[in-house]
Amino acid sequence: MTNEQYKEVNDALVDFIIRVSKGETTSEKEVEVLPEVVSALAKLSGSV
């Protein structure tokens, strides 16, 4: 993965987390997968 791809994925995950945590969801499924997205971000950043 290039640095640019990493940044795009990272930014998309962060944006998703922020949007869902603010209650700006389009479906209940987004709320359900939020913990998995947080976990994916942590793995991507190397903190897990």
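In the block above lies the structure referred to throughout.
Reading the values: the criteria
- Residues numbered from 1 in each chain as written.
- Predicted model: local features only at pLDDT ≥ 70, side-chain atom pairs only at ≥ 80, totals over all residues.
- Heavy atoms only, no water.
- Salt bridge = Lys/Arg side-chain N within 4 Å of Asp/Glu carboxyl O.
- Helix = DSSP H or I, 4+ residues; strand = E, 2+ residues; numbered from the N terminus.
- Buried < 20%, exposed > 50% of the residue type's maximum accessible area, 1.4 Å probe, protein only.
- Contact = heavy atoms within 4.5 Å.
- Polar contact = N/O pair within 3.5 Å; in protein donor to acceptor, adjacent residues only side chain to side chain.

Using the criterion set out here, one finds three salt bridges in the structure. Here Lys7 ties to Asp11 by a salt bridge, and the two come within 2.7 Å at their closest N and O atoms. Note that Lys7 and Asp11 are positioned in helix H1 (residues 3-21) at a spacing of four residues, about one turn of the helix. Its salt-bridge partner being Lys29, residue Glu32 comes within 3.5 Å of it at the nearest N-O pair. A residue pair is termed a helical-turn pair when its members lie 3 or 4 positions apart in one helix, as Glu32 and Lys29 do in helix H2 (residues 28-45) at three residues.

Turning our attention to the environment of Arg19. Locating Arg19 in the fold gives a position in helix H1. A relative accessible area of 26% places Arg19 in the partly exposed class. Considering only alpha carbons, one finds Arg19 and Glu30, 11 residues apart in sequence, at a separation of 9.8 Å. Arg19 has contacts with Glu24, Thr25, Thr26 and Glu30, leaving out every residue within four places of it along the chain. Within polar-contact distance, the side chain of Arg19 engages the side chain of Glu30 at 2.9 Å.

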